[in-house]
Amino acid sequence: MALLGGIGGKLYRGEVSVEFVARQRLWYSISGAILAVSVIAVAVFGLNFSVDFKGGSVYQFAAGSSTITQVRQTVSGAGGGQDAIVQKIAPLGGGPAKWQIQTRPLTVNQQDSVLSALSHQFGVPQNQISQTSIGASWGSQISKKAAQALIAFIVVIVIYLSIAFEWKMAVAALIALAHDIVITIGVYALAHFEVSPASVIGLLTILGYSLYDTVVVFDKVRENTAGLLASSRSTYSQAANQALNQTLVRSINTSLIALLPVASILFVGAGFLGAGELKDLALVLFVGMLSGTYSSICIATPVLADLKEREPQYKALAKRVQLRASGGRAAKRAAAKASATQAAPGRAATGRAGRAEGPAPEEDLEPDLAADDADASVTDQPGEDAVEDTAAAAEPVAAGAGQPTSRSGPRPGPRQQPRRTSAAKRRPSGKKRRR
């Protein structure tokens, strides 16, 4: 947990960032593939509605040593129909297994006939066979109420988000909700899970949970994008992605904490205790919470960013941010080039100064004594001329830093003065160098 908290702090401060909004095409492709599979599954396999929706009769009794084929043949022979659903319920925690039989709506005589046939065929007293009959009108009422509750939920959510935030955030949240509904229904169709009233209650619950997570992210997005148009620091997508990173750890922690009790109900309560209603409720919660967490992170915020980036003011902001980024890169390149240019004349001037300060190469001695004396005075007694030569060599360096100097013109300075004259002035009297 400490490691997760450290990562959360880095995400919040912007030291580490995960590009969710910039990869919206990847998330859209993944969600599109899952949605396509879900729609195909519903169209091909359909939903397995419980007897509460379609009506019918339910029988339960101890399984014993009978087989599913024997039970199905007994029910169909007694007038229960060929489409009866026979399931063997065996709790993982132990206890005797039971047969559960669901039939279409039957008349009273047909119900009594099926009950007598089961009791006679498997040797179970009729008072030990549980029988429940639900009419088709009850199932239609349940379906109608569920649809009304879903519509009312969506309308209230749209109104709230439009008032608290803006209508584009409401649209993005509705797209995420529709995404969760379709995926959950597709999972039920693929796995052939039974759809019961408890499943509808769980579906409404996960919609509220997914919406809660989305609203938290949108609130942070609104905070980060306040006053964004007055600057050119980041685009709307970049600010939204930062908000998503700042709330990422909170979303993960909330999802994990919510999934732990749901998984306990699903695997412990339904598996070991054989609780049917709890199983239906926990199953839809488990599937929906996973889908809701994914949609709040990878669907809702990227959709919102796409909608906002189409507005003219945010298009202009994106251009300003891009121009500022390109100007920053160009300034860095220009600064690097200028520093390299300034370093090159410095190295050249340093080389020239070194050559001026170094000893001059010895010239061949001539027979002329005056020439010998001049060479001796320059070589053995470096004086003011040598200092002046060094200053003259260093002077172009200072001049080169501000403006370039031409190499074609004559070089001003003490180098233009004849060395023989100055050497003659400083020649010690009475001393000559002999060959």
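Above this text sits the structure in question.
What comes next concerns the included structure. (Residues numbered from 1 in each chain as written. Predicted model: local features only at pLDDT ≥ 70, side-chain atom pairs only at ≥ 80, totals over all residues. Heavy atoms only, no water.)

1. Considering the pairing of strand β2 (residues 56-62)
The criterion, for reference: Residue burial is assigned from relative accessible area. The probe radius is 1.4 Å, only protein chains are included, and a residue is buried under 20% of its type maximum, exposed over 50%, and partly exposed in between. Secondary structure follows DSSP: runs of H or I at least 4 residues long count as helices, runs of E at least 2 residues long count as strands, and numbering of each begins at the N terminus. Criterion used throughout: strands pair if DSSP finds at least two bridges between them.
Along β2, five of the seven residues are buried, which leaves the element largely enclosed by surrounding structure. Note: β2 against strand β5 (residues 130-134), five bridges, orientation antiparallel. Residue pairing in the sheet places Gln60 in a bridge with Ser130 of β5. Taken together, the six bridges between β2 and strand β4 (residues 98-103) define a ladder with antiparallel strand orientation. Residue pairing in the sheet places Ala62 in a bridge with Lys98 of β4.

2. Some details on the sheet that holds β2
In plain terms, the rule: What counts as an axis is a line fitted to C-alpha atoms, over the stretch in contact for a helix, and the angles between N-to-C directions run from 0 to 180 degrees. Throughout, a residue-residue contact means that at least one pair of heavy atoms, one from each residue, lies within 4.5 Å.
Across the sheet, which stays open at both edges, the four strands sit in the order β3-β4-β2-β5 with antiparallel pairing between neighbours. Among the strands making up the open sheet, the edge pair consists of β3 (85-89) and β5. The average undirected angle you get between the axes of adjacent strands in this sheet is 15 degrees. Relative to β4, β3 runs antiparallel, the two sharing five bridges. Counterpart to Val86 in the pairing with β4 is Ile101. The strands touched by helix α4 (residues 68-77) are β2, β3 and β4; relative to β4, the strand with the most contacts, the crossing angle is about 35 degrees.

3. Considerations on the pattern of salt bridges
Pairs can form between side chains of opposite charge whenever their charged atoms are close. Condition: Salt bridges are identified by distance alone: a Lys or Arg side-chain nitrogen within 4 Å of an Asp or Glu carboxyl oxygen.
Taken as a whole and assessed by the stated rule, the structure comprises six salt bridges. Where Lys308 meets Glu166, a salt bridge forms, and the shortest distance between an N and an O atom there is 3.2 Å. Of this pair, Lys308 sits in helix α11 (residues 276-309) while Glu166 sits in the loop between α6 (136-164) and α7 (167-191), and the two are 142 residues apart along the sequence. With relative accessibility at 6%, the residue Lys308 sits in the buried group. Notably, a salt bridge pairs Lys168 with Glu311, separated by 2.7 Å at the nearest N-O pair. Pair noted here: Lys168 is in helix α7 and Glu311 is in the loop between α11 and α12 (312-357), with a separation of 143 residues, a long-range link.

4. Comments concerning α7
Stated formally: In this analysis, the expected span of each helix is defined as 1.5 Å times one less than the number of residues it contains.
Between its terminal C-alpha atoms α7 stretches 36 Å, which fits the 36 Å expected from 25 residues at 1.5 Å a residue. His192 occupies a position one or two residues after α7 and carries a positive phi of about 60 degrees.

5. As for the nonpolar core
Put simply, the test is: Side-chain atoms within 4.5 Å link the members of a nonpolar core, which is a set of buried Ala, Val, Leu, Ile, Met, Phe, Trp, Tyr and Cys residues.
Core analysis: the biggest nonpolar cluster contains 34 residues, and Leu161, Phe218, Val221 and Tyr236 have the highest contact counts within it. Counting only elements with at least two residues in this core, the list comes to α6, α7, α8 (197-224), α9 (236-246), α11 and α12. For this core, the element with the most residues is α7, which contributes seven residues. Residues in contact with Tyr236, not counting those within four places in the same chain, are Met169, Val221, Thr225, Leu228, Leu304, Ala305, Lys308, Glu309, Tyr314 and Leu317. Counting 18 residues, the second-largest nonpolar core is a separate cluster that includes Ala258, Val262, Ala282 and Leu283.

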